[in-house]
Amino acid sequence: MTMDHSDLTTEQVLRRDIPWETYMSTKLITGTGLQLLRRYDKKPENYKAQLLDDDGPSYIRVLVSILRDIFKEETVEYVLALIDEMLTANPTRARLFHDTSLANEDTYEPFLRLLWKGNWFIQEKSCKILSLIVSARPKPQDAAIANGSSKSKELTTIDDVLKGLVEWLCTQLKKPSHPSRGIPTAISCLATLLKEPVVRSLFVQADGVKLLVPLISPVSSQQSIQLLYETCLCVWLLSYYEPAIEQLGASRALPHLIEVVKGSTKEKVVRVVVLTLRNLLQKGTFGALMIDLGLPQLVQSLKAQAWSDEDLLEALNQLEGGLQDNIKKLSSFDKYKQEVLLGHLDWSPMHKDPMFWRENITKFEENDFQILRVLITILDTSTDPRTLAVACFDLSQFIQYHPAGRIIVTDLKAKERVMKLMNHENPEVTKNALLCIQRLFLGAKYASFLQA
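What counts and what doesn't
Residues numbered from 1 in each chain as written. Predicted model: local features only at pLDDT ≥ 70, side-chain atom pairs only at ≥ 80, totals over all residues. Heavy atoms only, no water. UniProt positions renumbered as here; feature names shortened; annotations may be inferred. Helix = DSSP H or I, 4+ residues; strand = E, 2+ residues; numbered from the N terminus. Expected span 1.5 Å × (residues − 1). Buried < 20%, exposed > 50% of the residue type's maximum accessible area, 1.4 Å probe, protein only. Arc of directions from axis to C-beta. Contact = heavy atoms within 4.5 Å. Salt bridge = Lys/Arg side-chain N within 4 Å of Asp/Glu carboxyl O. Core = buried A, V, L, I, M, F, W, Y, C linked by side-chain atoms within 4.5 Å. Phe/Tyr/Trp six-rings, centres within 6.5 Å; stacked < 30°, edge-to-face > 60°.

Going by an unreviewed UniProt entry, the protein chain carries the name V-type proton ATPase subunit H and comes from Olea europaea subsp. europaea. Of the comments in the UniProt record for the protein chain, the one headed Sequence similarities (unreviewed entry) reads "Belongs to the V-ATPase H subunit family." What UniProt records for the protein chain under Subunit (unreviewed entry) is the sentence "V-ATPase is a heteromultimeric enzyme made up of two complexes: the ATP-hydrolytic V1 complex and the proton translocation V0 complex."

Written as structure tokens, this is what we have:
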């Protein structure tokens, strides 16, 4: 019975017996190579660890040479499984691939080729191993020493590797090689690789940003939470890079991010999205869009929750402050709208400004009188006397300036609520509740006469 390769595990592959001797007799493995393999293969974990500590690069050399010279699928899978096992047990071993003794070996080439050539097991392992090796490479300042030797033949450059990897990852996001594991594998690798500025740039050039957006949506199952978290991690890393920010705007990522915060209870997910929003707040039209999408109210309710993460709390405060600054730049009606939606009313100049009411009175009709309805709800829900007083005053202004004001306010059942406030202990509230009731009963002409 042949196994479906797409669901092979490393453990299953490592149960195979590979006939290393036959490879030596056909000169595909050297005598030294065979000795190293015999010493290492099928041995206990701690024994292998000792061999790698003593002479790691030699083992890497022989494993990479097998991948370069031998094409038999079972063997390729087996060697990838050995490397995967070695790096899973200790990821810092990825540094062995960059040892100076391997300077003339093309260590990247086999993995890069197998990304496109192999079955899913081979693709997935090559991707994982390549990402780890690439991330462990000495950075330019350390590389000067390593590159002392002049390289005889053309080796696969780091640029080739990163380009190839990003291209493969984007292909997985568009058309996964494995129905359930293609996308999570790609996202997981991207979450590591996008820490590098050069990868951000390649990813944007490959038009990858828009491929992430469909994955940003609220989820419940544990495994999809991990995928969502890693996707948001990718977006956060990209939010430090201007060209990516433009693509995030163009691909409508913001509504998705806000939906995720609304629908998530997982602190690490909320945190990474809030940090992303904080980065985007000052960019382009993001600030105005965040206000439109109701982020100020959302931040307010997030702050009321008991988060343990200091970074998250600090980011929420910064986000709140930044949104407030953005609200100040809005037109007077948008500003008014934010004040009402946030449920904190104060005697800012617009409330008593006849110009404000005359110019904006029809805007109160938007979204089926949404702002008016919220204003009336405030009368029921707010405990702040100043807010209650201003809400009563604003209702009386609406009655005065809107041709059908009294009818609309009466229809929305405001009268009972205002009547209740006439017995409030705060004189500012009772005064404005009385004014509102007079307008409701007497009509604008008499009320303005009474007010005078």
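1. Thoughts on helix 19 (residues 310-328)
An α-helical turn contains 3.6 residues, so any two residues separated by three or four positions project in the same direction. Look at helix 19: 28 Å from first C-alpha to last across 19 residues, which is about the 27 Å you get at 1.5 Å a residue. The set of residues buried in helix 19 consists of Leu312, Ala315, Leu316, Leu319, Gly322, Leu323, Asn326 and Ile327. The buried residues of helix 19 occupy an angular sector of 140° when projected down its axis, which confines them to one face. Away from its buried face, by an angle of more than 90 degrees, helix 19 presents the exposed residues Glu310 and Lys328. Looking at the packing, one finds that the buried side of helix 19 touches helix 16 (267-280), helix 17 (286-292), helix 18 (295-303) and helix 20 (332-342).

2. What to know about the UniProt feature "domain: ATPase V1 complex subunit H C-terminal" (unreviewed entry) in the protein chain
UniProt feature "domain: ATPase V1 complex subunit H C-terminal" (unreviewed entry): in the numbering of this structure it lies at residues 329-441. Secondary structure over residues 329-441 splits into 72% helix and 0% strand, and the C-alpha atoms at its two ends are 38 Å apart.

3. Topic: the pattern of salt bridges
This structure, assessed with the given rule, holds 24 salt bridges. Residues Arg137 and Glu196 are paired through a salt bridge, measuring 2.6 Å at the closest nitrogen-oxygen approach. One end of the pair, Arg137, is in the loop between helix 7 (120-135) and helix 8 (140-146); the other, Glu196, is in the loop between helix 10 (182-193) and helix 11 (197-205), and 59 residues separate them in sequence. Across the pair, Glu196 and Arg137 agree in class, each one buried.

4. Remarks on the nonpolar core
Of all hydrophobic cores here, the largest spans 115 residues; its most connected members are Trp20, Ile83, Phe111, Phe203, Met290 and Leu295. Excluding residues that lie within four positions of it along the chain, Leu295 makes contacts with Ile258, Leu277, Met290, Leu319 and Leu323. Judged by nonpolar contacts, the second largest core, of 35 residues, contains Val340, Ile371, Leu379 and Val409.

5. Focus on the packing of aromatic side chains
The full count for this structure, using the stated rule, is 16 aromatic pairs. Judged by centre distance (5.3 Å) and plane angle (75°), the ring pair of Phe333 and Phe364 falls under edge-to-face. A residue pair is termed long-range when its members are at least 10 positions apart, and Phe333 in helix 20 and Phe364 in the loop between helix 21 (354-360) and helix 22 (366-381) qualify at 31 residues. Each member of the pair, Phe333 as well as Phe364, carries the same accessibility label: buried. Plain terms: the ring middles of Phe369 and Phe398 are 6.5 Å apart, the flat faces sit at 85° to each other, and that makes the pair edge-to-face. With Phe369 in helix 22 and Phe398 in helix 23 (residues 385-401), this residue pair connects regions lying 29 residues apart in the sequence. Taken individually, Phe369 and Phe398 each receive the classification buried, so the pair is uniform in this respect. In textbook terms, an aromatic cluster arises when at least three aromatic residues are bridged by ring pairs, as seen for Phe333, Tyr336, Phe356, Trp357, Phe364, Phe369 and Phe398.

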